[in-house]
Amino acid sequence: MAMALRCFRHLPSLLCRSSFAMIRGLPQAPAGCPALLLDGCRQCVHQMLLTRQLATKKAKGKGQSQARVNISAALVEDIISLEETNEDLQAVVEALKEDFSRNLSVRTSPGALDHIIVMTKDGKFPLNQLGQISQKSPQLIIVNMTDFPESTAAATKALRESGMNLNPEVDGTIIRVPIPKVTREHRESLAKLAKQSTNKSKEALRKVRSKSINQVKKFKNKVSEDTIWLLEKQIQQMADSAAAEMDKLLAAKTKELLG
C-alpha cells in the first residue's frame with residue numbers, strides 16, 4: 001500500500017507535462033514501483049494524454065466544435081518550421097490584400113495603373129517603369145511613353161486587358177486613358193474579379209499546406225504516427241485560418257464594390 005501511494009503521489013506531476021510528452025517518451029515512475037504498478041501508472045498517463053491529443057478525431061458529430069491543436073514549435077523544429085509555414089500562408093493573404101487595393105477599386109486613379117504588367121520583348125515590367133503616369137483632369141489619365149516608345153503598343157494592350165474597364169487611346173508616344181464611369185455593370189465585374197482572385201489565392205494556400213504536410217510525412221518512420229497526425233492537424237488549422245481571413249477580405253471588398 002505504501003508503494004502504491006508513493007507511486008500515485010507522482011501522478012499529478014506527470015499529468016502536468018505537455019501533452020506532447022509522448023514524442024520523447026513518458027516520464028519514468030519513481031524508483032521502487034513494482035512492475036505491475038509501474039505499467040498501470042504509465043498506461044493511465046498514456047491514455048489521458050492520448051485522450052487530450054486525439055480529441056479532435058472524435059469531435060465529428062453535428063454541432064460539435066473541434067478541439068484545436070497547438071504544438072510547441074520547439075518540440076518539432078527538427079521536423080518542420082511551423083513559423084515558416086505560417087509566414088508562407090500569411091504572405092499569400094497579404095498578396096491578396098495588395099491585389100484588392102491595387103486592382104479592384106471603383107475609382108480609377110494614377111496609382112491604380114502603376115503595377116499593371118506590360119509584356120515587352122525584353123520581359124515583363126510594371127507600367128510605371130516604362131511610362132510616366134499623371135492625371136490630366138478628373139476624367140483623364142495620361143501615360144507618357146517617351147522613354148520607351150517601342151513599348152507603347154504593349155502598354156496600350158496591357159491597359160486594355162487589365163480588367164479595369166479601360167479604353168486607352170494612343171497619340172504617338174502618349175496614351176490617353178479616360179476614367180470610366182462607375183456603372184453597376186462595372187461594379188459587378190470588379191466583384192467577380194475579386195472572387196476569382198480569392199479562389200486563386202486559396203489554391204496558393206493549398207500548395208503551401210501540401211508542401212508542409214509532405215515535409216512532415218518524410219519523418220513518418222522516425223517519429224510516432226500520432227506526432228505526424230498532430231502536425232498535419234496543426235498545419236491544416238493554420239491553412240483554414242488563412243482561408244477564413246481571405247473570406248473576410250472578399251466579403252468586405254464585395255460590400256465596398258457593390259455598395
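It should be noted that the structure appears before, not after, this text.
Residues numbered from 1 in each chain as written. Predicted model: local features only at pLDDT ≥ 70, side-chain atom pairs only at ≥ 80, totals over all residues. Heavy atoms only, no water.

Glancing now at the overall build of the chain. Each helix and strand in the chain was counted, giving ten helices and six strands. Within the chain, buried positions represent 36% of all 259 residues. For the chain, the computed accessible surface area is about 15,800 Å², with 51% contributed by carbon and sulfur atoms. (Helix = DSSP H or I, 4+ residues; strand = E, 2+ residues; numbered from the N terminus. Buried < 20%, exposed > 50% of the residue type's maximum accessible area, 1.4 Å probe, protein only. Areas by Shrake-Rupley, 256 points an atom, 1.4 Å probe, with all protein chains shown as cover.)

In an α-helix there are 3.6 residues to a turn, and that puts residues three or four apart on one side. Residues of helix α8 (residues 152-160) that are buried: Thr152, Ala155, Thr156, Ala158 and Leu159. In a view along the axis of α8, the buried residues occupy a sector of 160°, so they form one face of it. Elements that come into contact with the buried residues of α8 comprise α6 (110-113), β1 (117-120), α7 (127-130), β4 (140-144), β5 (169-171) and β6 (174-178). (Arc of directions from axis to C-beta. Contact = heavy atoms within 4.5 Å.)

Below, the discussion takes up helix α5 (residues 82-103). A rise of 1.5 Å per residue sets the reference length of α5, with its 22 residues, at 32 Å; its end C-alpha atoms lie 32 Å apart and thus fit the reference within 8%. By the burial criterion, the buried members of α5 are Leu82, Thr85, Leu89, Val92, Val93, Leu96 and Phe100. The buried residues of α5 occupy an angular sector of 100° when the element is viewed end-on, so they sit on one face. Of the residues in α5, the exposed ones pointing more than 90 degrees away from the buried face are Glu83 and Ser101. Residues of α5 that are buried in the fold lie against α9 (184-217) and α10 (225-258). (Expected span 1.5 Å × (residues − 1).)

With four bridges joining them, β1 and strand β2 (residues 123-126) adopt antiparallel strand pairing. When the bridges of β2 are listed, valine 118 appears paired with phenylalanine 125. If you look at the hairpin formed by β1 and β2, you'll find two residues sitting between the two strands. (Pairing = 2+ DSSP bridges.)

Two elements in contact, α9 and α10, have axes separated by 10 Å at closest approach and are oriented at 170°. In terms of orientation, α9 lies roughly antiparallel with respect to α10. Of the residues that constitute the contact of α9 with α10, the class distribution is 16 nonpolar, four polar and eleven charged. (Axes fitted to C-alpha atoms, helices over the stretch in contact; angles between N-to-C directions. Parallel < 35°, antiparallel > 145°, perpendicular 65-115°, else oblique. Nonpolar A, V, L, I, M, F, W, Y, C, P; charged D, E, K, R; others polar.)

So, about a negative patch on the surface. Side chains of Glu83, Glu84, Glu87 and Asp88 sit close together on the surface and give a patch of like negative charge. Considering the arrangement of structural elements, one finds glutamate 83 in helix α5. (Patch = residues over 30% accessible without salt bridge, like charges linked within 9 Å, V, L, I, M, F, W, Y side chains within 5 Å. Salt bridge = Lys/Arg side-chain N within 4 Å of Asp/Glu carboxyl O. Lys, Arg positive; Asp, Glu negative; His and termini not counted. Charge placed at Lys NZ, Arg CZ, Asp CG, Glu CD.)

It is worth spelling out the sheet that holds strand β3 (residues 132-137) at this point. With antiparallel pairing, the four strands of this open sheet are ordered in space as β3-β4-β6-β5. Each having just a single partner strand, β3 and β5 make up the two edges of the open sheet. Taking each pair of neighbouring strands and ignoring which way they run, the sheet shows an average axis angle of 25°. As defined by bridge partners, β3 adjoins β4 across five bridges and the pair is classed as antiparallel. Directly across from isoleucine 133, in β4, lies its bridge partner valine 143. On top of the sheet, α8 reaches β4, β5 and β6; it is set at about 10° to β6, its chief contact.

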